[in-house]
Amino acid sequence: MPSEKVCPDCEEPLERMELQGTSALGSLSIVAPADDGFLSGIRADEVLAPVPYVCPECRRTLVYAEE
Ligand SMILES: [Zn+2]
């Protein structure tokens with residue numbers, strides 16, 4: 001696991017937010033061609049999904065790309 005993410009302003013540990021279905025962030029996801037075997041021909045840097053984290057102190061939201 002990567003090191004814990006913290007708020008750049010108050011250095012509080014960020015809380016991960018789960019995406020509920022499709023959202024505004026969904027447009028950032030990269031969809032692989034269905035005829036490519038889905039898991040077989042995809043490079044790791046092509047399946048990064050944006051994951052929002054929120055600071056419990058200042059409610060600042062930061063989005064990180066995760067595998
Ligand atoms: Zn904060």
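Presented here is a report on the structure given in the accompanying data block. Here the structure is a predicted model, which is why all the values come from computation and not from measurement. (Residues numbered from 1 in each chain as written. Predicted model: local features only at pLDDT ≥ 70, side-chain atom pairs only at ≥ 80, totals over all residues. Heavy atoms only, no water.)

### Notes on the overall build of the protein chain
Per the secondary structure count, the protein chain includes 0 helices and 3 strands. Overall, the protein chain shows an N-to-C arrangement of helices and strands of β-β-β. Within the span of the protein chain, comprising 67 residues, buried residues form 16% of the whole. Contacts in the protein chain between residues far apart in sequence, at least 24 positions, make up 50% of those at least 6 positions apart. Of the roughly 5300 Å² that the protein chain leaves accessible, carbon and sulfur atoms contribute 54%. (Helix = DSSP H or I, 4+ residues; strand = E, 2+ residues; numbered from the N terminus. Buried < 20%, exposed > 50% of the residue type's maximum accessible area, 1.4 Å probe, protein only. Contact = heavy atoms within 4.5 Å. Areas by Shrake-Rupley, 256 points an atom, 1.4 Å probe, with all protein chains shown as cover.)

### Some words on the nonpolar core
Counting 6 residues, the largest nonpolar core is built from C7, L14, V51, Y53, C55 and L62. Once you skip the residues sitting within four places of it in the chain, C7 turns out to touch E12, L14, C55 and C58. (Core = buried A, V, L, I, M, F, W, Y, C linked by side-chain atoms within 4.5 Å.)

### Looking at the coordination of the zinc ion
Taken together, the protein donors to the zinc ion comprise C7 (SG), C10 (SG), C55 (SG) and C58 (SG), at separations of 2.1 to 2.4 Å. Its 4 donor atoms give the zinc ion angles of 105 to 121° at the centre, a pattern that matches the tetrahedral case. For C7, a relative accessible area of 1% translates into the label buried. (Donors = N, O, S within 2.8 Å, 3.2 Å for Na, K, Ca; no water. Tetrahedral: all angles 85-135°; square planar, octahedral: opposite > 155°, others 65-115°.)

### Observations regarding the side chain of K5
Among the secondary structure elements, K5 is positioned in the segment before strand 1 (15-16). Looking at K5, the relative accessible area reads 17%, which means it is buried. Discounting residues that sit within four places of it in the chain, K5 has contacts with E12, P13, L14, Y53, Y64 and E66.

### Some words on the pairing of strand 2 (residues 49-54)
In terms of burial, strand 2 is a largely internal element, 5 of the 6 residues being buried. As judged from the 2 bridges shared by strand 1 and strand 2, these two strands associate in the antiparallel manner. Residue E15 lies in a different strand from strand 2, and its bridge partner there is V54. Alignment of strand 2 against strand 3 (residues 61-66), held across 6 bridges, turns out to be antiparallel. In the strand pairing of strand 3, P50 is matched with A65. Between strand 2 and the antiparallel strand that follows it, strand 3, lie 6 residues; R59 among them carries a positive phi value of about 65°. (Pairing = 2+ DSSP bridges.)

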